[in-house]
Amino acid sequence: MAWHRPRIKALVDAGVDLLAFETIPALKEGQALVNVLKEFPRAKAWLSYACKDHQQTHHGDRIVDAIQPGLMSDQVVAVGVNCTAPEVVEKLLESIKVDSATKNIVVYANSGEVWTAEKRWHNDGNLKPIEDYIQTWMKCGANWIGGCCRITTDDIKKIRSVVDSSR
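Residues numbered from 1 in each chain as written. Predicted model: local features only at pLDDT ≥ 70, side-chain atom pairs only at ≥ 80, totals over all residues. Heavy atoms only, no water.

> Any details on helix H2 (residues 27-37)? Residues and values, ideally.
Those residues of H2 not exposed but buried are Gly30, Ala32, Leu33, Val34, Val36 and Leu37. Of the surrounding elements, those touching the buried residues of H2 are helix H1 (4-13), strand E1 (19-24), strand E2 (45-49), helix H4 (68-72) and strand E3 (76-82). (Buried < 20%, exposed > 50% of the residue type's maximum accessible area, 1.4 Å probe, protein only. Helix = DSSP H or I, 4+ residues; strand = E, 2+ residues; numbered from the N terminus. Contact = heavy atoms within 4.5 Å.)

In structure tokens:
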């Protein structure tokens, strides 16, 4: 918590009205962020976790467990996933049960490419375009949708087009 506190304080003192706590690898860190957030009672935030597969954060916590601190906090306005391969997001969202009247579901997946130190970003050539996932994510409750690593401005325009046409 000591690492997060001065950063959160600087942002809140600067007038930031919504904090993005993102790419969280573990339930323990999400809980720590929610605890520090309590020290800034007027601040609002979202929590998004980086996941390694269709049900676990990178640390190995089940996403359904990891989001609980956010669901229990009045200061957290959205929970979800980011920096996660798009092909596993649907199953993650299916396990996230959120009352849409009180919380939003945020998703901003990466391109599906894999990062390794040797090859950097690479893929097998069979990546589905990010916009092909959007309607499914929306049906699963996602209402804040964007892009993370390797998602371009053109991809964001395509995501926006799908969202707009689904309204």
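> Describe the pairing of E3, with residues and values.
On a regular strand, each side chain points to the face opposite its neighbour's, so the side chains alternate between the two faces of the sheet. Within E3, six of the seven residues are buried, which leaves it mostly tucked inside the rest of the structure. By the bridge criterion, five bridges tie E2 to E3 in an arrangement that is parallel. Counted as the bridge partner of Ala45 is Val76 from E3. In the sheet, E3 pairs with strand E4 (residues 104-109) via five bridges, with the strands oriented parallel. Across the sheet, Gly80 pairs through a bridge with Val106, a residue of E4. The β-α-β motif built from E3, the intervening helix H5 (residues 86-95) and the parallel element E4 has right-handed crossover chirality. (Pairing = 2+ DSSP bridges. Right-handed = clockwise from strand over helix to strand, strands pointing away.)

> Describe in detail unusual backbone geometry, supporting the description with residues and values.
The phi angle at Cys83 is positive, at roughly 50°, despite the residue not being glycine. On the secondary structure map, Cys83 appears in the loop between E3 and H5. You will see that Arg150, though not glycine, has its phi angle at about 70°, which is positive. Tracing the backbone shows Arg150 in the loop between strand E7 (144-147) and helix H7 (153-165). Judged by relative accessible area, which is 44%, Arg150 ranks as partly exposed.

> Talk me through the sheet that holds E3; I want residue IDs and the actual numbers.
If you trace the five strands from one edge of the open sheet to the other, you get E1-E2-E3-E4-E7, paired in parallel fashion. Strand pairing shows two members of the sheet lacking a second neighbour, E1 and E7, which therefore form its edges. Direction aside, the axes of adjacent strands within the sheet are offset by 20° on average. (Axes fitted to C-alpha atoms, helices over the stretch in contact; angles between N-to-C directions.)

> With reference to specific residues and values, describe the environment of Ala142.
Tracing the chain through its elements places Ala142 in the loop between helix H6 (134-139) and E7. Ala142 gets classed as buried once you look at its relative accessible area, which sits at 5%. Separated by 52 residues in sequence, Ala142 and Glu90 have C-alpha atoms that sit 9.7 Å apart. If sequence neighbours within four positions are ignored, Ala142 has contacts with Leu93, Ile105, Val107 and Trp137.

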